[in-house]
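Residue-level structure breakdown
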Amino acid sequence: MNLRYITMSDPGEDLDIEETLDLLSVSPLAELGVQAYPSAMMYGLPRYVWFNKLLDAVENLKEQPNIALHVNFHWCDDMCNNVVPNQIRGWLDRKNKKTEKPLIKRIQLNIGDSAYVFRAHKVHDLIARFPDREFILPYNKRVASKIDSLHATNAKFNLLFDESYGAGIAAKSYDVPPYNDVNSGYAGGLSPENVIDRLGKINQILPADYSTWIDAEGQLRGCFGSMALNRARAYLDNALRWCKQHTK
């Protein structure tokens, strides 16, 4: 298998922006997953201000880092109804001044966190509105029927396996992707200490030419409850070490 992204999720406003960008510059595989929901990211809140400053910095970089927006709760409900909240629309509209590429390349809709009745055709229409982005949806037993209904619409999307659904619990085993035409990634309890072992287990169930990604969140947290840069760097370094050892 080949890694497309090594995702580090849930940065907080306590992170130094320059140090965060330094982390992302370590490898083109590095990706920052920013959790977005109203109680944390409404206009004027500290994380909203921090994220906009981060995008301001990225806007002028020649080498553009990978940033994904992970949308939760009411904002996820809205987007699954093909309604993009104003704050999110503003972020999705932003482009790099040198490359003209969107600053946010991937959008994850955490549908298991939302209470809205899932309408597959509405999600299909949302995805069609942004053909230059990748959309990610979680995949586990709680949401499998919803994903089946979306797949039946021929929408283009990716899946992220996480049986613990954000609880940071490592999977006992890993499942093969449910659809041949949908790219799948893996999450759940990944940490600096276990990522090499976990990549080996994921590698065992995927074809040699399969492109996947991994996403860590809970095990990267520091004393403030959000991502700690030292934990994220150790996780990234170890994942890259695995890649180097297994790249032919």
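Residues numbered from 1 in each chain as written. Predicted model: local features only at pLDDT ≥ 70, side-chain atom pairs only at ≥ 80, totals over all residues. Heavy atoms only, no water.

Topic: the nonpolar core
Heads up, the condition is: Here, nonpolar core means buried Ala, Val, Leu, Ile, Met, Phe, Trp, Tyr and Cys residues that are tied together by side-chain atoms lying within 4.5 Å of each other. Buried, partly exposed and exposed residues are distinguished by accessible area as a fraction of the type maximum, computed with a 1.4 Å probe on protein chains only: under 20%, between the cut-offs, and over 50%, respectively. Going along the chain from the N terminus, every DSSP run of H or I of four or more residues is numbered as a helix, and every run of E of two or more is numbered as a strand. Contacts: residue pairs with any heavy atoms within 4.5 Å of one another.
Of all hydrophobic cores here, the largest spans 77 residues; its most connected members are Met8, Phe51, Trp91, Leu109 and Ile214. In terms of residue count, helix 9 (residues 229–246) provides more of this core than any other element does, 7 residues in total. Among all residues touching leucine 109, those that are not within four sequence positions of it are Val71, Cys76, Met79, Cys80, Val123, Leu126, Phe135, Ile136, Leu137 and Pro138. Of all hydrophobic cores here, the second largest spans 5 residues; its members include Tyr5, Ile136, Leu160 and Trp213.

Focus on helix 6 (residues 120–129)
Residues separated by three or four positions in an α-helix point in the same direction, a consequence of the helix having 3.6 residues per turn. Stated precisely, the cut-off is as follows: Starting at the helix axis, one direction is taken to each C-beta atom, and the arc is that of these directions.
When we look at burial in helix 6, the residues that qualify are Ala120, Val123, Leu126 and Ile127. Relative to the axis of helix 6, the buried residues are bounded by an arc of 120 degrees and lie together on one face. Its buried side turned inward, helix 6 meets helix 4 (73–80), strand 4 (106–109), strand 5 (134–139) and helix 7 (144–151).

Considerations on the sheet that holds strand 6 (residues 158–161)
Applicable threshold: Think of it this way: DSSP has to see at least two bridges between two strands before they count as a pair. Each axis is a line fitted through C-alpha atoms, taken for helices only over the stretch in contact, and angles between the N-to-C directions span 0 to 180 degrees.
Read around the closed barrel, the 8 strands follow the order 1-2-3-4-5-6-7-8; overall the barrel is parallel. Put simply, the sheet's adjacent strands are angled 30 degrees from each other on average, direction ignored. With 6 bridges connecting them, strand 2 (residues 30–36) and strand 3 (residues 66–71) associate as parallel partners. Bridged to glutamine 35 within strand 3 is histidine 70. Against the sheet, helix 4 contacts strand 2, strand 3 and strand 4, and its axis sits at roughly 105 degrees relative to strand 4. Taken strand by strand, helix 7 contacts strand 5 and strand 6, and its axis lies near 145 degrees from that of strand 5.

Remarks on the pattern of salt bridges
For the record, the criterion: By definition, a salt bridge exists where a carboxyl oxygen of Asp or Glu is found within 4 Å of a side-chain nitrogen of Lys or Arg.
Within the structure shown, the criterion is met by 14 salt bridges. Note that arginine 4 is salt-bridged to glutamate 134, the shortest N-O span being 2.5 Å. A residue pair is termed long-range when its members are at least 10 positions apart, and arginine 4 in strand 1 (residues 2–9) and glutamate 134 in strand 5 qualify at 130 residues. Taking relative accessible area as the criterion, arginine 4 reaches 22% and is therefore assigned partly exposed. Two residues, arginine 106 and glutamate 31, come together in a salt bridge whose shortest N-O distance is 2.9 Å. Here arginine 106, found in strand 4, pairs with glutamate 31, found in strand 2; they are 75 residues apart in sequence, far enough to count as distant. Accessibility expressed as a relative area gives 1% for arginine 106, which makes it buried. One continuous salt-bridge network, built from bridges that share partners, spans Asp10, Glu13, Arg47, Glu217 and Arg221.

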